[in-house]
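Coordinate inspection notes
Spelled out from the first residue to the last, the chains are:
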Amino acid sequence: MIDRVITSGTFSLDGGTWEVDNNVWLVGDGREVIVIDAAHSADAIAERVGGRAVRAIVCTHAHNDHINAAAELARLTGAPIRLHPADQVLWEMEYGTAVPYEDLGDGETLKAGGVALTVLHTPGHSPGAVCLYAPELGAVFTGDTLFQGGPGATGRSYSSRETIVESIRTRLLTLPASTVVHTGHGDSTTIGAEVPNVSD
């Protein structure tokens with residue numbers, strides 16, 4: 001039901017560039033999947049997808065390291081790209097107005113292979129950051145909103161520490177403590193394990 005591809009590349013913002021490893025999540029079954037955060041290598045992601053249909057390429061936010069393979073993966077698979085429109089300014093830093101996406105809305109449910117993912121708008125790391133909650137799997141895909149060790153970074157443009165903490169407290173820490181947190185970088189954790197790590 002859940003598969004991971006780790007891809008490597010760079011993240012650039014505010015004049016700096018950093019080497020990063022990204023988690024790309026595939027959720028679904030043997031027939032169809034949703035791809036979460038198409039990072040760095042469309043070919044590597046497409047290889048893991050194999051012959052399955054891609055129902056959507058969902059971006060948890062529009063920092064370039066989470067979207068820089070989205071356009072090519074969409075071309076390879078025919079799948080729509082989905083993004084919360086509050087991240088338009090970040091999207092345009094990577095693609096300008098050349099690559100379209102479909103708006104992703106808070107509370108929307110996406111389905112593939114019998115798995116339902118509910119969109120939770122969790123601004124803070126970026127204005128349009130979202131998490132994707134799969135209650136049947138006991139899992140939430142948090143992008144860069146929540147990591148093992150606490151909230152995602154908020155020291156760059158279009159981010160807010162106060163906002164991300166509020167998002168985590170009201171949208172994520174209310175999930176069952178046993179919920180597995182699958183992150184945009186690094187190892188997975190659980191909601192219960194991160195409660196002590198979320199503070200002002």
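Up top is the structure.
Because the structure is predicted, anything quoted here is derived from the model rather than measured. (Residues numbered from 1 in each chain as written. Predicted model: local features only at pLDDT ≥ 70, side-chain atom pairs only at ≥ 80, totals over all residues. Heavy atoms only, no water.)

Quick notes on the overall build of the protein
Assigned secondary structure in the protein consists of six helices and 14 strands. For the protein, whose C-alpha radius of gyration is 15 Å, the value lies close to the compact-globule estimate of 16 Å for 200 residues. With respect to the three principal axes, the spread of C-alpha positions in the protein is 45 × 40 × 30 Å. The buried share of the protein, reckoned over its 200 residues, is 51%. For the protein, contacts bridging at least 24 residues in sequence account for 54% of all contacts bridging at least 6. Surface summary for the protein: the accessible area is close to 8,100 Å², and the carbon and sulfur share equals 48%. For the protein, the centre of its 12 positive side-chain charges and the centre of its 25 negative side-chain charges are spaced 6 Å apart. (Helix = DSSP H or I, 4+ residues; strand = E, 2+ residues; numbered from the N terminus. Rg over C-alpha atoms; globule rule 2.2 N^0.38 Å. Buried < 20%, exposed > 50% of the residue type's maximum accessible area, 1.4 Å probe, protein only. Contact = heavy atoms within 4.5 Å. Areas by Shrake-Rupley, 256 points an atom, 1.4 Å probe, with all protein chains shown as cover. Lys, Arg positive; Asp, Glu negative; His and termini not counted. Charge placed at Lys NZ, Arg CZ, Asp CG, Glu CD.)

Notes on empty space enclosed by the protein
Inspection of every chain in the model, using the stated rule, returns one cavity of 30 Å³ or more. The volume enclosed by the largest cavity comes to roughly 40 Å³. Every residue along the wall of the largest cavity is listed here: H63, H125, A153, T154, G155, R156, S157 and S159. (1 Å grid on protein atoms, 1.4 Å probe; cavity = no way out; pocket = protein on both sides within 12 Å on 5 of 7 lines; lining within 4 Å. Points joined across faces, edges and corners; volume = space filled by probe spheres on them.)

A look at the pairing of strand β8 (residues 115-121)
The buried fraction of β8 is high, at five of seven residues. Of the pairings in the sheet, the one linking strand β7 (residues 109-112) to β8 comprises four bridges and is antiparallel in character. Its bridge partner lying in β8, K111 is registered against A116. Between the end of β7 and the start of β8, which pair antiparallel, lie two residues, with G113 showing a positive phi angle near 60 degrees. As defined by bridge partners, β8 adjoins strand β9 (residues 130-134) across four bridges and the pair is classed as antiparallel. Residue pairing for β9: T118 is matched across the bridge by Y133. (Pairing = 2+ DSSP bridges.)

Brief notes about the nonpolar core
Counting residues in each nonpolar core, the largest one holds 30 residues, and the members touching the most others are V35, I45, I57, I81 and W91. Elements with a contribution of two residues or more to this core: β1 (2-13), β2 (16-28), β3 (32-36), α1 (42-49), β4 (53-58), α3 (70-77), β5 (81-83) and α4 (88-95). Apart from the residues within four sequence positions on either side, I57 is in contact with V35, A38, A70, L73, A74, T77, A79, P80, I81 and R82. The next biggest cluster of nonpolar side chains, apart from the first, holds 16 residues, and it includes A56, L110, V115 and A134. (Core = buried A, V, L, I, M, F, W, Y, C linked by side-chain atoms within 4.5 Å.)

Here we look at the sheet that holds β1
Taken together, the six strands give an open sheet; going across it, the order is β1-β2-β3-β4-β5-β6, and neighbouring strands pair in mixed fashion. Edge positions in the sheet fall to β1 and β6 (102-103), since each of these pairs with one other strand and no more. Those strands touched by α3 are β3, β4 and β5, and its axis lies near 160 degrees from that of β4. (Axes fitted to C-alpha atoms, helices over the stretch in contact; angles between N-to-C directions.)

Some thoughts on the sheet that holds β7
Judged by pairing direction, the sheet is mixed, and its six strands sit side by side in the order β7-β8-β9-β10-β13-β14 without closing on themselves. A strand with exactly one partner marks an edge of an open sheet, and here the two such strands are β7 and β14 (189-190). Two strands pair when backbone bridges link them, and strand β13 (residues 180-183) and β14 are joined in this way by two bridges, in the antiparallel orientation. Among the inter-strand pairings, V181 is bridged to a residue of β14, identified as T189. Of the strands in this sheet, β8, β9 and β10 (139-143) are in contact with helix α5 (residues 161-172), which crosses β8 at around 140 degrees.

Section: the packing of aromatic side chains
The full count for this structure, using the stated rule, is four aromatic pairs. A ring pair is formed by F11 and W18, whose centres lie 5.6 Å apart and whose planes are at 25 degrees; its orientation type is stacked. Residues W91 and Y95 carry aromatic rings whose centres are separated by 4.7 Å and whose planes lie at 45 degrees to one another, so their mutual orientation is tilted. In this pair, W91 and Y95 both sit in helix α4, four residues apart, roughly one turn of the helix. As far as burial versus exposure is concerned, W91 and Y95 are alike and both buried. Ring-pair connections join several aromatic residues into one group, and the members of that group are W91, Y95 and Y101. (Phe/Tyr/Trp six-rings, centres within 6.5 Å; stacked < 30°, edge-to-face > 60°.)

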